[in-house]
Amino acid sequence: MHLQVSAVCKSFGYGSNAKQVLDTINLDLHSGQFLALVGSSGSGKSTIMRLIAGLDRPSSGEIRFDGQLVRGPGAERGMVFQKYSLYPWLTAAQNVAFGMELQGRSRAEIRERTAYFLEVVDLVDSARLLPRELSGGMQQRVAIARALAAEPKLLLLDEPFGALDLQIRESMQEFLYQLWQRTGLAALLITHDLEEAMLLAQQVHILAPRPGRIVRSIALPSDRSNLAHLRVSPAFLELREDLARTLRSLDGALVS
Amino acid sequence: MRSSEAHPLTRWIPLRRFLAQSWVLGLLGLVTVLLFWFLATASGAVDSLFLPSPHVVWQAGQSQWQSGLLVKDAVASIQRVFIGFALSAGLALPMGIAMGSNLTICRLLEPLMALIRYMPAPAFIPLLIIYFGLEELPKVLLIFIGTFFFNTLMIMDAVKFVPSELVETALTLGGRGLPILTRVVAPYIAPQVFDTYRINMASAWNLVIVAELVAANEGLGKRISLAQRFLRTDDIFVGLIVIGLVGLTIDLGFRFLMRKACAWAN
């Protein structure tokens, strides 16, 4: 898997009303890598995600996936939205099976993979529950299982834990990190939470707002044996403060 | 807890609980009206030609039932409503989905439909009679005209409010075109569609009676207009009550279907 974003610009609107949201974005992402984009609102981070998913088209520049120009959405680029993306009329298990059904896989395969991915996200006991009967964290785990079951080569995570409580968010971060280690998937995470990006990703790009552009890229140490420990280690906190200063200087807003 | 006389507030709890059940007050309202109806006629305050007593209406109903007229009329009216409304509902569903999901189709048809929607369906009766005579077709078409545009526009609105995340999720899972309409859009709007049908079914009932008042050999509306000619207000009351009861039954049927089919939305 190789994702290549080359000199991508995006504007909305026409003529004098045109508003540029992305300015010359370049990204590279290979199999097994975990990349995070961090920026405040207005940095166009969700737009980048939508362009890579194929839900929108770049105004200029190109996005290639395994050498092929991205022209629309496809199952090889799975996406987890911030919220409201489970089908409310389907049970947890049916939601997980949904993508595989769209792909026309065999019944036996769907049943087997649904059971497997429900186990991966630890929701076997909730298989028959409707989304409204699940907590926010459980719902996002179903959404992740559904994306994984469709066998993407790249997982796009658009602020997947943004709507969750802090404590649940921390356990979900642990969960996601372990999942990524186990599956060896390529992942691209969008977040405004600097700590989240630094805990999970191997590389973090900082975005400046209006128009969105990458202003700083940092490679992160690879020792993540204990995320809870990492959160409070001096080196980690120092780097976090350094990056937070960068973010603050970009739009004057307070970023933790 | 001590006996219910212990405190003035606790004494009324059983009665309050009884009244809190939704059907109790509804029944009370109905009984009250029946009572006033009975009193008004029994006291002789109102001329029995204008307001026949409940008893007389009941007898008129019985005689219509025994002669088989009541069933024949009801079946004729119900049949017209069902054929006309089935046509309307069946065509409005794909049309509404097409207009709600495709901007070009929507822009093309919405102004036209919004215009026709405001033309009162009964105003089409003279044209329908000129085109199709006095048989079943013009009556069925009247119901179609009177409900199709409302059905379509309401379904279109439901489609427009499908959250984009649900559609986009399906796209990123490898979904395309028609399966997205049938597996995402259709299930999401199902509760609103049932409700749309339930609401517009009431107009279908209005229209079938109007059509039968103008021209028909049988039907509940026809019976009412015949009764008027002979000043049989008791028969008119029978017709009105039966129309109400059949309509209510259909309404409850739709609610039941919706509860069964869309348990997730409750």
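The residue count restarts for each chain, going from 1 along the sequence in the order it is written. For this description, chains carry letters from A and ligands carry numbers from 1, given in the order in which they are written. With the structure being a predicted model, the display of local features is reserved for residues of pLDDT at least 70 and the display and counting of side-chain atom pairs for 80 or more, all residues being used for whole-chain, interface and lining totals.

(A) Fine view of the packing of helix 6 (residues 103–117) of chain B against helix 8 (residues 136–160) of chain B. Residues and elements named next belong to chain B. Here an axis means a line fitted to C-alpha atoms, over the contact stretch when the element is a helix, while the angle between two N-to-C directions is reported on a 0 to 180 degree scale. Secondary structure elements follow DSSP: runs of H or I no shorter than four residues count as helices, runs of E no shorter than two count as strands, and numbering proceeds from the N terminus. As a packed pair, helix 6 and helix 8 sit with axes 10 Å apart at the nearest point and diverge in direction by 135 degrees. Classified by the angle between their axes, helix 6 and helix 8 sit oblique to one another. Helix-helix and strand crossings are classified by hand; for helix 6 and helix 8 the assignment is left-handed. Taken together, the residues of helix 8 that come into contact with helix 6 (itself represented by C106, M113, I116 and R117) are F149, F150, T152, L153 and M156. Three categories are distinguished: nonpolar for Ala, Val, Leu, Ile, Met, Phe, Trp, Tyr, Cys and Pro, charged for Asp, Glu, Lys and Arg, and polar for the others, with Gly belonging to the last. Its residues assigned to classes, the contact of helix 6 with helix 8 comprises seven nonpolar, one polar and one charged. An angle below 35 degrees is treated as roughly parallel, one above 145 as roughly antiparallel, one from 65 to 115 as roughly perpendicular, and anything else as oblique. Note on convention: near helix rotated counterclockwise from far helix by under a right angle means a left-handed crossing. Clockwise means right-handed. Two residues form a contact once the distance between their C-beta atoms, set from the backbone, is within 7 Å.

(B) How the structure looks around the domain arrangement of chain B. An automatic or database domain assignment supplies the residue ranges for each domain. Structurally, chain B comprises domain 1 (4–42) and domain 2 (54–265). The C-alpha-based centres of domain 1 of chain B and domain 2 of chain B are spaced at 35 Å.

(C) Representation of the sheet that holds strand 5 (residues 68–69) of chain A within the structure. Residue and element names in this part refer to chain A. At least two bridges found by DSSP between two strands is the condition for calling them paired. Ordered in space as 2-1-4-5, the four strands form an open sheet in which the pairing is antiparallel. At either margin of the open sheet sits one strand with a lone partner, and together these are strand 2 (19–30) and strand 5. Direction of pairing for strand 1 (residues 2–12) relative to strand 2: antiparallel, over a ladder of eight bridges. Opposite K10, over in strand 2, you have L22 as the bridge partner. Against the sheet, helix 1 (residues 45–53) touches strand 1, strand 2 and strand 4 (60–65), its axis set at about 120 degrees to strand 1.

(D) Examining the interface of chain A and chain B more closely. Across the contact, 20 residues belong to chain A and 14 residues belong to chain B. For the side of chain A that touches chain B, the secondary-structure elements that each account for two or more residues are strand 6 (77–80) and helix 2 (92–102) of chain A. Here the residues of the side of chain A that touches chain B sort into 14 nonpolar, five polar and one charged.

(E) Here's a closer look at the sheet that holds strand 7 (residues 154–158) of chain A. Residues and elements named next belong to chain A. Across the sheet, which stays open at both edges, the six strands sit in the order 6-7-8-3-9-10 with mixed pairing between neighbours. With partners counted over all chains shown, the strands left at the sheet margins are strand 6 and strand 10 (213–219), one partner each. Strand-to-strand, the axes of this sheet are offset by a mean angle of 20 degrees, without reference to chain direction. For strand 9 (residues 203–208) and strand 10, the ladder comprises six bridges, and the chain directions are antiparallel. Bridged to L207 within strand 10 is I214. Against the sheet, helix 1 makes contact with strand 3 (34–38), strand 6, strand 7, strand 8 (186–191) and strand 9, and its axis sits at roughly 150 degrees relative to strand 7, the strand it touches most.

(F) Inspection of helix 3 (residues 107–120) of chain A at higher detail. Residue and element names in this part refer to chain A. Given the number of residues in a helix, its expected span is that number minus one, multiplied by 1.5 Å. If you check helix 3, its first and last C-alpha atoms are 20 Å apart, about what 14 residues at 1.5 Å a residue would give, namely 20 Å. With C-beta atoms placed from the backbone, a residue is buried if 20 or more other C-beta atoms are within 10 Å of its own, exposed if 12 or fewer are, and partly exposed between those counts. Taken together, the buried positions of helix 3 are occupied by I110, R113, T114, F117, L118 and V120. The buried residues of helix 3 occupy an angular sector of 145 degrees when projected down its axis, which confines them to one face. Exposed residues lying more than 90 degrees from the buried face of helix 3 are A108, E112 and E119. Contact partners of the buried residues in helix 3: helix 2, helix 4 (136–149) and helix 5 (166–183). Where helix 3 ends, the next residue or the one after it, D122, has phi of about 60 degrees, a positive value. Working definition: the arc comes from the directions between the helix axis and the C-beta atoms, pointing outward to the latter.

(G) Fine view of the nonpolar core. Membership of the largest hydrophobic core comes to 120 residues, with the highest contact counts inside it found for I52 and A145 of chain A. Considering each element in turn, this core owes the most residues, 13 residues, to helix 8 of chain B. Residues contacting I52 of chain A, with those up to four places away along its chain left out, are L3, V5, I63, V70, R77, L156 and L188 of chain A. Joining buried Ala, Val, Leu, Ile, Met, Phe, Trp, Tyr and Cys residues through C-beta atoms within 7 Å gives a set, and that set is a nonpolar core.

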